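A structural walkthrough
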Amino acid sequence: MINYYSQILSLMDTLNEWNEKLNSFAASHMDNVWVGTVIGAGLLVLAIWGINALNRK
């Protein structure tokens, strides 16, 4: 386990960088109600499509 410590730390650094980038993107683009509506509708369509695909025989 001690041999992988540096790899774990580099992975955590990478994840923290991605988290900061995602937070800055969300803060600048996702504060609009229409963006949230489009994302919600997209998730709904994806869920309906997934249910239909899984129910096929």
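Above this text is the structure in question.
Residues numbered from 1 in each chain as written. Predicted model: local features only at pLDDT ≥ 70, side-chain atom pairs only at ≥ 80, totals over all residues. Heavy atoms only, no water.

**Side note on helix α2 (residues 33–55)**
When the terminal C-alpha atoms of α2 are compared, their 33 Å separation across 23 residues agrees well with the 33 Å that a helix rising 1.5 Å per residue should span. Residue Asn32 occupies the N-cap position of α2, its side-chain oxygen lying 3.1 Å from the main-chain nitrogen of Trp34. (Helix = DSSP H or I, 4+ residues; strand = E, 2+ residues; numbered from the N terminus. Expected span 1.5 Å × (residues − 1). Polar contact = N/O pair within 3.5 Å; in protein donor to acceptor, adjacent residues only side chain to side chain.)

**Points about a nonpolar patch on the surface**
A cluster of nonpolar side chains, namely Leu22, Phe25, Met30, Ile39, Leu43, Leu46 and Trp49, defines an oily patch on the protein surface of about 740 Å² accessible area. Among the elements that line the nonpolar patch, the one with the most residues is α2, at four residues. If you trace the backbone, Met30 turns up in the loop between α1 (5–29) and α2. What makes Met30 partly exposed here is its relative accessible area of 41%. (Patch = residues over 30% accessible without salt bridge, like charges linked within 9 Å, V, L, I, M, F, W, Y side chains within 5 Å. Areas by Shrake-Rupley, 256 points an atom, 1.4 Å probe, with all protein chains shown as cover. Salt bridge = Lys/Arg side-chain N within 4 Å of Asp/Glu carboxyl O. Buried < 20%, exposed > 50% of the residue type's maximum accessible area, 1.4 Å probe, protein only.)

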